[in-house]
Amino acid sequence: MGGKVDLEPILEELDAASALEGLEQANTRLRDTLGIDHIVYHWVDSAGDQYGCTTYPQSWVDRYLAENYHRIDPVILGCFQRFHPVDWKRLDWSGKAAKAFLKDAMEHGVGNQGFSIPIRGPNGQFALFTVNNSCDDETWADFTATYSRDLILIAHYFNRKALEFEANRQPEFSRTLSPREVDAMTLLALGYSRAQVAHSLSISEHTLRVYIESARFKLGALNTTHAIATAMSRGLIVV
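- Named according to an unreviewed UniProt entry, the chain is Autoinducer binding domain-containing protein originating from Ruegeria aquimaris.

This is the structure in structure tokens:
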């Protein structure tokens, strides 16, 4: 894959894109610039419809959609539970269905290495940006170490553009908070510290953080303070 290349022209191309075709062209150019096999931007909306762009063979795209593979895909299932980029080797491929899925994918031209970036958009939107290649572990580790920061930035560029082009797919504002999320946000709104909230709810601060992050993404909030204000304005919590 050679030395690091300048990806700024790709960002400029993404900025200038005015339709899905522009994203697809930038996607192909990014793949060729990086010298890898495939790049995928994949958004499954709340209705289960799938949207995005990919350099995977059309035969695999058709197969994936026909088999409803998004329901068992370890990449989607694993990344939905995470907030940070993940190497495919860290995902759970041990199940029978996962092994059969991986075998099918590789037979259709999907590489053995993958690096996926979960994207949390407004109002609970979830998408994935993935780079994929066939190579050994050491080569892939060098590649991801070199480009991970750039890829995170590019992933969010892709998602921002997709939200512009497909505004009607955006999640509804009225996503309800779970009872635990309501409890956590209410206590924070009352001025409790995170440690005090965790103690009051008899949970760890790590678990509390999960509740807060989940509520924040459901509310489309930029931070915890914004999430509290949004929840109060919509009547989801009462202080």
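1. Remarks on the domain arrangement of the chain
When the parts come together, some accessible area is lost, and that loss is often what is quoted as the size of the interface.
Then, number 1: According to the domain assignment, the chain contains domain 1 (8-169) and domain 2 (179-231).
Then, number 2: Centre-to-centre, using C-alpha coordinates, domain 1 lies 30 Å away from domain 2.

2. Considerations on the environment of T224
Then, number 1: Mapped onto the secondary structure, T224 falls in helix α10 (residues 224-233).
Then, number 2: In the structure, T224 is positioned 150 residues away from P74 in sequence and 30 Å away in space, judged by C-alpha atoms.
Then, number 3: Contacts of T224, omitting those with residues within four sequence positions, involve M185, L188, R194, I212 and R216.
Then, number 4: Of note is the side chain of T224, whose polar atom sits 3.2 Å from the side chain of R194.

3. Considerations on the side chain of N159
Then, number 1: Checked against the element boundaries, N159 lands in helix α6 (residues 137-165).
Then, number 2: Setting aside chain neighbours within four positions, we find N159 in contact with Y41, I119, G121, Q125 and A127.

4. Some details on the pattern of salt bridges
Then, number 1: As enumerated under the stated definition, the model contains 12 salt bridges in all.
Then, number 2: Across the pair R63 and E67 runs a salt bridge whose closest N-O atoms are separated by 3.2 Å.
Then, number 3: The partly exposed category is assigned to R63, whose relative accessible area is 31%.
Then, number 4: By relative accessible area, E67 is classed as partly exposed at 40%.
Then, number 5: Here the residues in one salt-bridge network are D15, R160, K161 and E164, joined through shared partners.

5. With respect to the pairing of strand β5 (residues 126-133)
Then, number 1: For β5, the tally of buried residues reaches eight of eight residues, placing the bulk of the element in the interior.
Then, number 2: What you see with β5 is no split at all: F126, L128, T130 and N132 on one side and A127, F129, V131 and N133 on the other are buried throughout.
Then, number 3: Alignment of strand β4 (residues 113-120) against β5, held across eight bridges, turns out to be antiparallel. Its bridge partner being in β5, I119 is matched across the sheet by A127.

6. Comments concerning the environment of A26
Then, number 1: As for its placement among the helices and strands, A26 is situated in helix α2 (residues 20-34).
Then, number 2: Once the C-alpha coordinates of A26 and L153 are considered, the two residues, 127 residues apart in sequence, prove to be 14 Å apart.
Then, number 3: Those residues in contact with A26, other than ones at most four positions away along the chain, are I10, E13 and L14.

7. A look at α10
Then, number 1: By the burial criterion, the buried members of α10 are T224, A227, I228, T230 and A231. The buried residues of α10 all sit within an arc of 165° when viewed along its axis, so they share a single face. Those residues of α10 that are exposed and aimed more than 90 degrees away from the buried face are T225 and S233.
Then, number 2: The secondary structure elements touched by the buried residues of α10 are α7 (179-189), α8 (194-201) and α9 (205-219).
Then, number 3: Near the N-terminus of α10, the side chain that reaches the backbone nitrogen of T225, with its oxygen 3.3 Å away, is that of N223.
Then, number 4: At the exit of α10 stands G235, carrying a positive phi of roughly 75°.

Each value, and the rule that gives it
- Residues numbered from 1 in each chain as written.
- Predicted model: local features only at pLDDT ≥ 70, side-chain atom pairs only at ≥ 80, totals over all residues.
- Heavy atoms only, no water.
- Domains from an automatic or database assignment.
- Helix = DSSP H or I, 4+ residues; strand = E, 2+ residues; numbered from the N terminus.
- Contact = heavy atoms within 4.5 Å.
- Polar contact = N/O pair within 3.5 Å; in protein donor to acceptor, adjacent residues only side chain to side chain.
- Salt bridge = Lys/Arg side-chain N within 4 Å of Asp/Glu carboxyl O.
- Buried < 20%, exposed > 50% of the residue type's maximum accessible area, 1.4 Å probe, protein only.
- Pairing = 2+ DSSP bridges.
- Arc of directions from axis to C-beta.

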